[in-house]
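Report on the structure
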Amino acid sequence: MSKAWGGRFTEPTNAQVELFTESISFDARLAEVDVRGSKAHAEMLSEVGLISAEEFQQISANLTEILGEIQRGEMEFSPSLEDIHMHIESALIRRLGDVGRKLHTGRSRNDQVSTDIRLYIRDCIDVIDELLQQFQASFVSRGDADIDIVLPGYTHMQRAQPVSATHYWLCWCEKLQRDRERLVDCRKRVNVSPLGCAALAGSTLPINRDRTAELLGFDSVAANSLDVSSDRDYLVEFSSALGLIAVHLSSWAEEWILWCTTEFGFLTLSDAYTTGSSIMPQKKNPDVLELIRGKSARTIAATQQLFLLLKGLPLAYNRDLQEDKLAAFAAYDTVRSCLELAPAIVRNATLNVDRINARIEEGFLDATALMEYLIKQGVPMRSGHETVGHLVHLCEQKKCRLADLTLEELRASSSTINEDVYDILGARNAMTALQSYGSGGRDRVVEQLNRWQGRLGM
Ligand code: ARG
């Protein structure tokens, strides 16, 4: 097959070189955006008189047909045509001859590939945003039913203070909301048009870059051709945003894996989202959650890969940049596949309320509430801390809860304690007594649940 760039060559390309330099094996997914970009480019060319209106119509109609062929799997890909851009352009030339040969007027594959990636990533951002919203909605959907379930909150993996189970669910909504905001912010820098910067310097032809930007829905036009032909910052930003999503997914997965252990026993996953063991008949394993945790490695590594790819690269386009797609697509595919499963796992899991309640009074979850009771009675915080510390020690010796101590035993430590102390002792009372904004107390969590239901239109 003769090369589009073959004019100055007298020898054919070495076959190994063709295999080494191709990107069609991983950039074929850009076919749709490549055609979108080429149609806009051709329309602009016709408007400025570089091709005729008739030629634009022919190019546009044939590009639609070529895309159809690709999408139906009818186009045979060949490493000798390098990438998706060359496959589409050579198919057009095969169909239209000289008219097809005009499409690449006033552009280069360097601005073409960056235009394609930007259009593709813009769509990816919208897909991920929608999936994040569905993940948030899965947590919010549990909110009303789980509001009165008291769960231990932990620090250092040690029981700390009690919170409403719904507080846990809304915690993930907040993290995922920041993930969504990061993507919205990243999208601004993705949505800038490189088209018309051509190879690196722009063009001597009277192309209209504003027009192609407008046709493709870009917010603005890149102002420096050298900059934009070397710019992949937006991919680092995109993969970093995905990296944080992967980190959040991995923490959620880790916590739920723990909660599913016999040791915790808080949670049972639905059979449909777990797998068995080939040797141990009793096993029901949280493999999906483990893989969500594990796949975060691939997503986080993509950002490193992109940083390393860009570090020290001279201006402007260098072929190194072809590798950008491998990292960005890997991060996207990975996060997308996790987010496609996560909401169903959340919706179909059962909190084992009896099991949670059976042990909720262990671990002195109400100790901080008791200390704050003393503060309200006028006791200095540090003194209250010490007093409750002594009472916890006493309970450990007596093998009982704080709520099991008699008023006399409590008053022996601090005479400010009255009968009403029992209103805040016990995990449920201590949870309900939490009242600061953003706390895990029932009333505050209801407030936040209402906010999330409103925000997600639920
Ligand atoms: N397949 C190439 C890439 O992904 C397209 C750009 C090629 N440009 C060039 N000057 N060889 O980067």
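Residues numbered from 1 in each chain as written. Predicted model: local features only at pLDDT ≥ 70, side-chain atom pairs only at ≥ 80, totals over all residues. Heavy atoms only, no water.

**Describing the overall build of the protein chain**
Here is the rule: Put simply, DSSP H or I for four residues or longer makes a helix, DSSP E for two residues or longer makes a strand, and each gets a number counted from the N terminus. Within these notes, the globule rule equals 2.2 Å times the number of residues to the 0.38 power, and the radius of gyration is based on C-alpha atoms. The rule is simple: take the accessible area with a 1.4 Å probe, protein chains only, and divide by the maximum for that residue type; under 20% is buried, over 50% is exposed, in between is partly exposed. By definition, residues are in contact when any of their heavy atoms lie within 4.5 Å. Surface exposure here means Shrake-Rupley accessible area, sampled with a 1.4 Å probe, where a residue is shielded only by the protein chains that are shown. Think of it this way: Lys and Arg go in the positive column, Asp and Glu in the negative one, and His and the chain ends go nowhere. By convention, charge coordinates are those of NZ in Lys, CZ in Arg, CG in Asp, or CD in Glu.
Along the backbone of the protein chain there are 19 helices and six strands. Taken over the C-alpha trace, the protein chain has a radius of gyration of 30 Å; the compact-globule value for 458 residues is 23 Å, which it surpasses by more than 25%. Buried positions account for 49% of the 458 residues belonging to the protein chain. Within the protein chain, contacts between residues at least 6 apart in sequence are counted, and of these 75% link residues at least 24 apart. Only carbon and sulfur atoms are counted for the fraction: they give 52% of the accessible area of the protein chain, which is about 21700 Å². Averaging the positions of the 49 positive and the 64 negative side-chain charges in the protein chain gives two centres separated by 1 Å.

**Some thoughts on the site of the ligand**
Here is the rule: Here a residue is considered near a molecule or strand provided that any single heavy atom belonging to it is located within 4 Å of it. Any pair of N or O atoms that falls within 3.5 Å is considered a polar contact. Within protein, one atom must be able to donate a hydrogen and the other to accept it, and sequence-neighbouring residues count only if both atoms are side-chain atoms. For this classification, Asp, Glu, Lys and Arg are treated as charged, while Ala, Val, Leu, Ile, Met, Phe, Trp, Tyr, Cys and Pro are nonpolar and the rest, including Gly, are polar.
Close to the ligand lie Ser-23, Asp-83, His-85, Arg-109, Asn-110, Val-113, Tyr-317, Arg-319, Gln-322 and Lys-325. One of the side-chain N or O atoms of Asp-83 is found 2.8 Å from a nitrogen atom in the ligand. One of the side-chain N or O atoms of Gln-322 is found 2.9 Å from a nitrogen atom in the ligand. Expressed as a share of its isolated accessible area of 340 Å², the protein-covered part of the ligand is 86%. For the shell around the ligand, the leading source of residues is helix 6 (residues 109–140), giving three residues. Its residues assigned to classes, the shell around the ligand comprises two nonpolar, four polar and four charged.

**Some words on the nonpolar core**
As a reminder of what qualifies: By nonpolar core we mean a set of buried residues, namely Ala, Val, Leu, Ile, Met, Phe, Trp, Tyr and Cys, connected to one another through side-chain atoms within 4.5 Å.
Residues Phe-139, Trp-252 and Trp-256 are the most contacted members of the largest nonpolar core, which totals 106 residues. Ignoring sequence-local partners within four residues, the contact set of Phe-139 consists of Trp-169, Trp-172, Cys-173, Leu-176, Trp-252, Trp-256 and Val-346. Core analysis: the second largest hydrophobic core is formed by 23 residues, Leu-370, Cys-395, Ile-424 and Leu-425 among them.

**Observations concerning the environment of Leu-176**
As for its position among the elements, Leu-176 is in helix 8 (residues 165–190). Judged by relative accessible area, which is 2%, Leu-176 ranks as buried. Taking the C-alpha atoms as reference points, Leu-176 and Gly-202, separated by 26 residues in sequence, lie 40 Å from one another. Discounting chain neighbours no more than four positions away, the residues touching Leu-176 are Leu-132, Phe-135, Gln-136 and Phe-139.

**Section: the layout of surface pockets**
Empty space among the atoms becomes visible once a probe the size of a water molecule is rolled across them. Under the convention used in this document: Only protein atoms enter the 1 Å grid used here, on which a cavity is any set of points holding a 1.4 Å probe that cannot leave and a pocket is any open set flanked by protein within 12 Å on both sides along at least five of seven lines; residues with an atom within 4 Å of a point are listed as lining. Grid points are joined across faces, edges and corners, and a volume is the space filled by probe spheres set on the points.
Its volume calculated, the largest pocket comes out at about 280 Å³. Taken together, Ile-257, Cys-260, Thr-261, Thr-262, Leu-267, Thr-268, Leu-269, Thr-274, Lys-283, Lys-284, Asn-285 and Pro-286 make up the lining of the largest pocket. Residue classes in the lining of the largest pocket are distributed as five nonpolar, five polar and two charged.

**Brief notes about the environment of Val-421**
Along the chain, Val-421 falls in the loop between helix 17 (407–413) and helix 18 (427–433). Owing to a relative accessible area of 0%, Val-421 belongs among the buried residues under this scheme. Through-space distance from the C-alpha of Val-421 to that of Ser-251 is 36 Å; in sequence the pair is 170 residues apart. Setting aside its immediate chain neighbours within four residues, Val-421 contacts Leu-370, Tyr-373 and Leu-410.

**Observations regarding the packing of aromatic side chains**
Note the cut-off: Pairing of aromatic side chains here covers Phe, Tyr and the six-membered ring of Trp, requires ring centres within 6.5 Å, and sorts the geometry by plane angle: under 30 degrees stacked, over 60 edge-to-face, intermediate tilted. A positively charged side chain is recorded as over a ring if its NZ (Lys) or CZ (Arg) lies within 6 Å of the ring centre. The angle to the ring normal must also be within 35 degrees.
Inspection of every chain in the model, using the stated rule, returns 14 aromatic pairs. Relative to Trp-259, the ring of Trp-169 has its centre 6.2 Å away and its plane inclined at 55°; by these criteria the two rings are tilted. With Trp-169 in helix 8 and Trp-259 in helix 11 (residues 233–259), this pair connects stretches of sequence that are 90 residues apart. An aromatic cluster is built from Phe-135, Phe-139, Tyr-154, Tyr-168, Trp-169, Trp-252, Trp-256, Trp-259, Phe-264 and Phe-266, whose rings are joined through pairwise contacts. Across the ring face of Phe-9, the terminal group of Arg-8 is positioned such that the distance to the ring centre comes to 5.8 Å.

**Notes on the state of the cysteines**
The test is simple: Counting rule for disulfides: a pair of cysteine sulfur atoms within 2.5 Å.
The final tally for this structure, using the stated rule, is zero disulfides. Of the cysteine sulfurs around Cys-197, a residue in no disulfide, the closest is that of Cys-186, at 19 Å. Considering cysteine sulfurs only, Cys-124 is the nearest to Cys-338, which forms no disulfide, with 15 Å between them.

**Considerations on the pattern of salt bridges**
Applicable threshold: By definition, a salt bridge exists where a carboxyl oxygen of Asp or Glu is found within 4 Å of a side-chain nitrogen of Lys or Arg.
Evaluated as defined, the whole model comprises 35 salt bridges. Its salt-bridge partner being Asp-148, residue Arg-442 comes within 2.5 Å of it at the nearest N-O pair. One end of the pair, Arg-442, is in helix 19 (residues 442–455); the other, Asp-148, is in the loop between helix 7 (143–146) and strand 1 (150–155), with 294 residues separating them in the sequence. A salt bridge links Glu-447 to Arg-444; its shortest N-O distance comes to 2.8 Å.

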